[in-house]
2 protein chains.
Amino acid sequence: MPPRWQDWVHVTKLDPDRRLPPGAIDEIATSGTDALMLSGTLNVTRENLAGLRSQVSAYGLPLVIEPAGPECALQDGIDLLFVPSVMNTTDVRWIVGTHHAWVLDGMRRAAGSAQAAIAWDRVVQEAYIVLNPDSAVGRVTRSVCDLSPESAAAYAAVADRYFCFPIVYVEYSGTYGDPAVVEAVRGAVDRAVLYYGGGIRTAAQAAEMARFADTVVVGNAVYEAGPSVLRATVRAAR
Amino acid sequence: MPPRWQDWVHVTKLDPDRRLPPGAIDEIATSGTDALMLSGTLNVTRENLAGLRSQVSAYGLPLVIEPAGPECALQDGIDLLFVPSVMNTTDVRWIVGTHHAWVLDGMRRAAGSAQAAIAWDRVVQEAYIVLNPDSAVGRVTRSVCDLSPESAAAYAAVADRYFCFPIVYVEYSGTYGDPAVVEAVRGAVDRAVLYYGGGIRTAAQAAEMARFADTVVVGNAVYEAGPSVLRATVRAAR
């Protein structure tokens, strides 16, 4: 059974390209965070994934992969695959193109079967609204990031009610976002689970965004302030 | 209550820009077709819509609008709004951009409320796969139309299982399509209702595409061969 991702309040996002100090995984796993998300997959190998899996499985912590591109299939030891589509990109590849390549690749490995191409029961679709133009994701996806709260809310409503994405993800990637934007998005999201990610480094920031978002994501702070900061953001988000 | 569009086998698509001979609507309405779809809305005015509505309502025939752009809100006398998104376009406007403008416009008319912006209970989302590069829709959306059956099937699977569109629409717009493509798409669509549209002018063609598609759409033939051809395509599709 896939874990109940809908109930998560706090997710820790790890970058497989960055090193954590010894003991960090233990500290993360006992922080109270609801899940570990590996974002970007270029450096996720069978070997380091297996190592990470064995570290977290002892704690029963769900492990999610959020692929950067279609090269990633669902691998052993991964509970869920969170697959993003960027609502405010200017490049169709980041809405539907890489997804097409991903399914086509899966079909070829499954002797042409679209049903067997992907383990759909473990895929969770994410509608990203990318809001930091200077971040890697902002640059790579060439997203239109200077959105008013109202305009961001309209993207969120399209994601929630037109595309019926189960997750709407407000992504400030590395910078702390504008609470007015997140509040406006909250007002527009009726059915989806609302994620907020970007620049959360303190408990006060986690609490502020958790007023609007169902789930807050903490990433860089783990590397910068160390994993002990996680515990404070977890407490604040709940 | 919106009509049960999921059960339709045959839909007649009318172009508000083209004139039908006197008595044509009566002949269409008694042909056995399940619904009338008005596609493109530039020349749909309150006046001609009201006229059409009064003609078809006597027969209890559902009336659907499929807007060409965000200028169209759901108007009185329209049962459903079928809103397309083009999977194989190269221009984000035709996947998400016009939809964003549509919702933003609705929010402004609804004092900022995304929930009140659109009558979502009467919106049906369509994932178009556009396959005729020389058609107006092919040109305007700059779609990549030279798709193998396998590649079209992969778009269909993405539409069906990643975006969860309730309709996947194979659109050959004016030309009769490749049954091998429609068959491949059929094999990839698990949950959505599969529409086929394009170039159906005979009962044999309607029957051929109805082997794979749940719903066949007949349009130009109504203007070219006259509405009497409809009856034959309806019989063949059932």
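Scroll up to find the structure this text is about.
About the criteria used
Residues numbered from 1 in each chain as written. Chains lettered and ligands numbered in written order. Predicted model: local features only at pLDDT ≥ 70, side-chain atom pairs only at ≥ 80, totals over all residues. Heavy atoms only, no water. Helix = DSSP H or I, 4+ residues; strand = E, 2+ residues; numbered from the N terminus. Expected span 1.5 Å × (residues − 1). Buried < 20%, exposed > 50% of the residue type's maximum accessible area, 1.4 Å probe, protein only. Contact = heavy atoms within 4.5 Å. Pairing = 2+ DSSP bridges. Axes fitted to C-alpha atoms, helices over the stretch in contact; angles between N-to-C directions. Salt bridge = Lys/Arg side-chain N within 4 Å of Asp/Glu carboxyl O. Least-squares fit on C-alpha atoms with pLDDT ≥ 70 in both. Left-handed = near helix turned anticlockwise from the far one by under 90°. Nonpolar A, V, L, I, M, F, W, Y, C, P; charged D, E, K, R; others polar. Buried area = accessible area lost by both parts, 1.4 Å probe. Polar contact = N/O pair within 3.5 Å; in protein donor to acceptor, adjacent residues only side chain to side chain. Core = buried A, V, L, I, M, F, W, Y, C linked by side-chain atoms within 4.5 Å. Right-handed = clockwise from strand over helix to strand, strands pointing away. Phe/Tyr/Trp six-rings, centres within 6.5 Å; stacked < 30°, edge-to-face > 60°.

### As for helix 3 (residues 97-109) of chain B
Structurally, the α-helix is built with 3.6 residues per turn, so residues lying three or four positions apart point the same way. For helix 3 of chain B, spanning 13 residues, the distance from its first C-alpha to its last is 19 Å, which sits close to the expected 18 Å at 1.5 Å a residue. Those residues of helix 3 of chain B that sit buried are Thr98, His99, His100, Trp102, Val103, Leu104, Gly106 and Met107 of chain B. Along its buried surface, helix 3 of chain B packs onto helix 6 (149-162) of chain A together with strand 4 (80-86), helix 4 (114-117) and strand 5 (123-130) of chain B. One or two positions beyond helix 3 of chain B, positive phi appears at Ala111 of chain B, with a value near 55°.

### Let's talk about the sheet that holds strand 4 of chain B
All names here are of chain B. Read around the barrel, 8 strands follow the order 1-2-3-4-5-6-7-8 and close on themselves; strand pairing throughout is parallel. Averaged over neighbouring strand pairs, the angle between their axes works out to 30° when direction is ignored. Examined bridge by bridge, strand 5 and strand 6 (residues 167-171) share 5 bridges and lie parallel to one another. Following the sheet pairing, Tyr128 is matched in strand 6 by Tyr169.

### Some thoughts on the sheet that holds strand 7 (residues 193-197) of chain A
Residue and element names in this part refer to chain A. Read around the closed barrel, the 8 strands follow the order 1-2-3-4-5-6-7-8; overall the barrel is parallel. For this sheet, the mean angle separating the axes of adjacent strands, direction not counted, is 30°. With respect to the sheet, helix 3 (residues 97-109) is in contact with strand 4 (80-86) and strand 5 (123-130), its orientation differing from that of strand 4 by roughly 145°. Contacting strand 5 and strand 6 (167-171), helix 6 crosses the sheet at an angle of about 165° to strand 5.

### A look at the pattern of salt bridges
The full count for this structure, using the stated rule, is 22 salt bridges over all chains. Its salt-bridge partner being Arg142 of chain A, residue Asp91 of chain A comes within 3.6 Å of it at the nearest N-O pair. Within this pair, whereas Asp91 of chain A is found in the loop between strand 4 and helix 3, its partner Arg142 of chain A is found in the loop between helix 5 (136-140) and helix 6, the two being separated by 51 residues in sequence. Asp91 of chain A gets classed as buried once you look at its relative accessible area, which sits at 9%. When the shortest N-O distance is used, the salt bridge between Arg4 of chain B and Asp7 of chain B registers 3.2 Å. Via salt bridges that share partners, Lys13, Glu66 and Glu171 of chain A belong to a single interconnected network.

### Description of the relation of the copies chain A and chain B
Mapping chain A onto chain B calls for a rotation angle of 180° and an axial translation of 0.0 Å; the resulting RMSD is 0.0 Å. In the structure described here, the two chain copies are related by an operation that fits a two-fold rotation axis. When the interface residues of chain A are mapped onto chain B, 100% of them are again interface residues, pointing to one common binding face.

### Some details on the side chain of Ser85 of chain A
Tracing the backbone through its elements, the reader meets Ser85 of chain A in strand 4. In this structure Ser85 of chain A comes out as buried when scored by relative accessible area, which is 0%.

### Focus on the packing of helix 6 of chain A against helix 7 (residues 179-188) of chain A
How two helices pack is summed up by the angle between their axes together with the distance between the axes. Residues and elements named next belong to chain A. Two elements in contact, helix 6 and helix 7, have axes separated by 8 Å at closest approach and are oriented at 35°. The way helix 6 lies across helix 7 gives a crossing that is right-handed. Residues Pro149, Ala152, Ala153, Ala156, Ala157 and Asp160 of helix 6 form the contact with helix 7, whose own contacting residues are Ala180, Val181, Ala184, Val185 and Ala188. Looking at side-chain class alone, the contact of helix 6 with helix 7 contains 10 nonpolar, no polar and 1 charged residues.

### Re the environment of Ala192 of chain A
Residues and elements named next belong to chain A. Residue placement: Ala192 occurs in the loop between helix 7 and strand 7. Its relative accessible area of 6% is what places Ala192 among the buried residues. In sequence terms Ala192 and Arg161 are 31 residues apart; their C-alpha atoms lie 8.7 Å from each other. Among residues more than four places away in sequence, those in contact with Ala192 are Asp160, Phe165, Pro166, Ile167, Val168, Arg186 and Asp214.

### Details of the interface of chain A and chain B
Contacts between the two partners involve 38 residues from chain A, matched on the other side by 38 residues from chain B. Both sides of the chain A and chain B interface together cover about 3,300 Å² of buried area, and 69% of this is carbon and sulfur. Considering only the side of chain A, the residues that lose the most area to chain B are His100, Tyr162 and Phe163 of chain A, jointly responsible for 22% of the buried surface there. Here chain A and chain B share 16 residue pairs in polar contact (both at pLDDT 80 or more) between them. Ranked by residue count, the leading element in the side of chain A that touches chain B is helix 6 of chain A, at 9 residues. For the side of chain A that touches chain B, the per-class residue count stands at 23 nonpolar, 9 polar and 6 charged.

### A look at the nonpolar core
Formed by 134 residues in total, the largest nonpolar core has its most connected members in Phe163 of chain A together with Phe163 of chain B. Those residues in contact with Phe163 of chain A, other than ones at most four positions away along the chain, are Met87 and Val158 of chain A together with Ser85, Ile95, Val96, Phe163 and Phe165 of chain B.

### Remarks on the pairing of strand 7 (residues 193-197) of chain B
All names here are of chain B. For strand 7, the buried fraction is high: 5 of the 5 residues fall into the buried class. Burial along strand 7 is two-sided: Val193, Tyr195 and Gly197 and Leu194 and Tyr196, pointing in opposite directions, are all buried. As paired strands, strand 6 and strand 7 are joined by 5 bridges and run parallel to one another. The partner of Val170 across the bridge, within strand 7, is Tyr196. In this view, the connection linking strand 6 to its parallel neighbour strand 7 by way of helix 7 (residues 179-188) has right-handed handedness. As paired strands, strand 7 and strand 8 (residues 215-218) are joined by 3 bridges and run parallel to one another. Considered in strand 8, the bridge of Tyr196 is made with Val216. One crossover worth recording links strand 7 to the parallel strand 8 by way of helix 8 (residues 203-210), and it is right-handed.

### Topic: the packing of aromatic side chains
Within the structure shown, the criterion is met by 27 aromatic pairs over all chains. Judged by centre distance (6.1 Å) and plane angle (15°), the rings of Trp8 of chain B and Phe82 of chain B are stacked. In this pair, Trp8 of chain B is assigned in the segment before strand 1 (10-14) and Phe82 of chain B in strand 4, connecting sequence segments 74 residues apart. Take Trp8 of chain B and Phe82 of chain B: they sit in the same class, and that class is buried. Three or more aromatic residues joined by ring pairs form one cluster here, namely Trp102, Trp120, Tyr162, Phe163 and Phe165 of chain A together with Trp102, Trp120, Tyr162, Phe163 and Phe165 of chain B.

The analysis is restricted to geometry; functional conclusions fall outside its scope.
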